[in-house]
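# Architecture at a glance
For reference, the chains in residue letters:
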Amino acid sequence: MDILLLTIGKTSISYVKEGIAEYVKRLKRFLPYSILELPDARKAGKISEQEQKEAEGEQILRGLNDSDMVVLLDERGKEYTSREFAGFMERAMGSGRKRLVFVVGGPYGFSKRVYDRADSLLSLSRMTFNHEMVRLFFTEQIYRGVSILHGLPYHHD
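Description of the structure in this document. Predicted model, so just to flag it, every value in this text is computed and none were measured.

What counts and how
- Residues numbered from 1 in each chain as written.
- Predicted model: local features only at pLDDT ≥ 70, side-chain atom pairs only at ≥ 80, totals over all residues.
- Heavy atoms only, no water.
- Phe/Tyr/Trp six-rings, centres within 6.5 Å; stacked < 30°, edge-to-face > 60°.
- Helix = DSSP H or I, 4+ residues; strand = E, 2+ residues; numbered from the N terminus.
- Buried < 20%, exposed > 50% of the residue type's maximum accessible area, 1.4 Å probe, protein only.
- Lys NZ or Arg CZ within 6 Å of the ring centre and 35° of its normal.
- Axes fitted to C-alpha atoms, helices over the stretch in contact; angles between N-to-C directions.
- Parallel < 35°, antiparallel > 145°, perpendicular 65-115°, else oblique.
- Contact = heavy atoms within 4.5 Å.
- Nonpolar A, V, L, I, M, F, W, Y, C, P; charged D, E, K, R; others polar.
- Left-handed = near helix turned anticlockwise from the far one by under 90°.

### Some details on the packing of aromatic side chains
Applying the stated rule across the entire model yields 10 aromatic pairs. A ring pair is formed by Phe-85 and Phe-88, whose centres lie 6.1 Å apart and whose planes are at 15 degrees; its orientation type is stacked. A residue pair is termed a helical-turn pair when its members lie 3 or 4 positions apart in one helix, as Phe-85 and Phe-88 do in helix α3 (residues 82–93) at 3 residues. Accessibility assignment for this pair places Phe-85 and Phe-88 in one class, buried. Taken together, the ring pairs in this structure connect Tyr-80, Phe-85, Phe-88, Phe-102 and Phe-138 into an aromatic cluster. Directly above the aromatic system of Tyr-143 lies the positively charged group of Arg-26, at a separation of 5.4 Å from the ring centroid.

Below, the structure written as structure tokens:
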């Protein structure tokens, strides 16, 4: 199964880029993992928060296939331990779907249409993180989950 992290906006912090690259390199041994960065609608001009959510929502929906399993990273989502998340990934990989897509929205969250398209919501924490840092944290958690599933000595309970 391919795993895609679909994000709004670019990763511009150099140490975050380096960390992401390290975990992407590690993941390539086990499964196809990629990150698709969509443009931030805010840069298109002065628009309201709702207009920004709608514009970004349209971009997100265009980046999805009908057969994708879509998981939104959202503060109201389900929280998992790393082992539970590995189990979630294992079930997703056994679902018969070709692609598992995790989505990080823009600063104002997701439009209703994106919520309606989602198969589930996932929370990394009840705390709020910088959107660029989320990409690094989440990519590391994907690697951690894969390492748990493959019995690697990366994760310690």
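Once you've had a look at it, read on.
### Thoughts on the packing of α3 against helix α5 (residues 131–149)
For the pair α3 and α5, the least separation of the axes is 8 Å and the interaxial angle reads 80 degrees. The orientation of α3 with respect to α5, classified from their angle, is roughly perpendicular. Here Ser-82, Arg-83, Phe-85, Ala-86, Met-89, Glu-90 and Met-93 of α3 come into contact with α5, specifically with Phe-138, Gln-141, Ile-142, Arg-144, Gly-145, Val-146, Ile-148 and Leu-149. Among the residues forming the contact of α3 with α5, the class breakdown is 9 nonpolar, 3 polar and 3 charged.

### A short note on the packing of helix α1 (residues 14–27) against α5
Between α1 and α5, whose axes approach to 9 Å, the crossing angle comes to 20 degrees. Overall, the two elements α1 and α5 adopt an arrangement that is roughly parallel. Helix-helix and strand crossings are classified by hand; for α1 and α5 the assignment is left-handed. The segment α1 lies against α5, with Tyr-15, Val-16, Gly-19, Ile-20, Tyr-23, Val-24, Arg-26 and Leu-27 engaging Glu-132, Met-133, Arg-135, Leu-136, Thr-139, Glu-140, Ile-142, Tyr-143 and Val-146. Considered class by class, the residues forming the contact of α1 with α5 number 11 nonpolar, 2 polar and 4 charged.

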